[in-house]
Structure formats: structure tokens, C-alpha cells
Amino acid sequence: RPLASCRSAGIDVPCPSDPMETLRAMVHSGLDVQCVALPTTVGRDPEDPSTARLSESGLTEEDVRILRGRSARLQASGYASMAPYFAQCSGVELRQEAPRVELGP
């Protein structure tokens, strides 16, 4: 089957059943297929506010935790997700989160 079922903006949409094959075919655009589960700014509109935010702030461990959780929920619901691809992302540099400050009573 060339297509699988994905979820985007709350609706079901078709997507490639083998996303790695599709991404490898797009390598010429500068995509990095080593860690497809985490977003990068490569190939994105530099004028888009979310691209600028990612470029300036980077990803934190909390961001990755959220992405893993979303992927796991999608997969558990029968949708294609990035869940199988997080293992390829070891060694990705993450931004250190600011320490949390406990406020007294």
C-alpha cells in the first residue's frame, strides 16, 4: 500500500506508508534523513515565525518529550507517526532548559 493514514490539524489525511523512501527521494532539497523525527529549519520558510523561533531557540528535552508523546498517541490510534524514528536521533544537540525556580509560600 503506497499510502497510510495520518492525522494533521485534527483531520485524517493520506501520507506515504514508507516515509523514509519519500524523504530519501527528497534529499536533494537538503533534508537530513538521519533524524527525521525532530524538526529542523532546513527547507522551511525563513520568514515563518515558527521557523524563526526554532532557529533562535532550538529544541529542549521537554520539546522532544512532547513530540514523542504525540507520536506514541498517534501510533496507538492507528495512524502513521514518527515514533519508529526517534531512535535515529541520538546525539542531537538540545538546548539546555533554564533551571526551575521554586517560589516559597
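The coordinates are above.
Summarised in this report is the structure supplied together with it.

About the cut-offs
- Residues numbered from 1 in each chain as written.
- Predicted model: local features only at pLDDT ≥ 70, side-chain atom pairs only at ≥ 80, totals over all residues.
- Heavy atoms only, no water.
- Salt bridge = Lys/Arg side-chain N within 4 Å of Asp/Glu carboxyl O.
- Buried < 20%, exposed > 50% of the residue type's maximum accessible area, 1.4 Å probe, protein only.
- Helix = DSSP H or I, 4+ residues; strand = E, 2+ residues; numbered from the N terminus.
- Disulfide = S-S within 2.5 Å.

For the rest of this paragraph, the subject is the pattern of salt bridges. Under the defined criterion, the tally for this structure stands at 2 salt bridges. For aspartate 12, the salt bridge identified is with arginine 7, shortest N-O distance 2.6 Å. Take aspartate 12: its relative accessible area is 45%, and that puts it in the partly exposed class. As a salt-bridge pair, glutamate 62 and arginine 65 come within 2.6 Å of each other at their nearest N and O atoms. With glutamate 62 and arginine 65 both in helix α3 (residues 61–76), this residue pair falls 3 residues apart, about one helical turn.

With that settled, the discussion passes to the state of the cysteines. All told, the structure shown has 2 disulfides when counted by the stated rule. Sulfur-sulfur distance for the disulfide between cysteine 6 and cysteine 15 comes to 1.8 Å. Looking along the S-S bond of the cysteine 6-cysteine 15 disulfide, the torsion reads about 75 degrees, which is the right-handed sense. Pair check on accessibility: cysteine 6 and cysteine 15 agree, each one buried. One disulfide in the model links cysteine 35 with cysteine 89; its S-S distance is 2.0 Å. Between cysteine 35 and cysteine 89, the S-S dihedral sits near 100 degrees, and the bridge is therefore right-handed. Of this pair, cysteine 35 sits in the loop between α1 (19–25) and α2 (49–57) while cysteine 89 is found in the segment after α3, placing the two residues 54 residues apart along the sequence. Note on cysteine 89: relative accessible area 9%, which makes it buried.

Take it as geometry only, folks, not as evidence of what the structure does.
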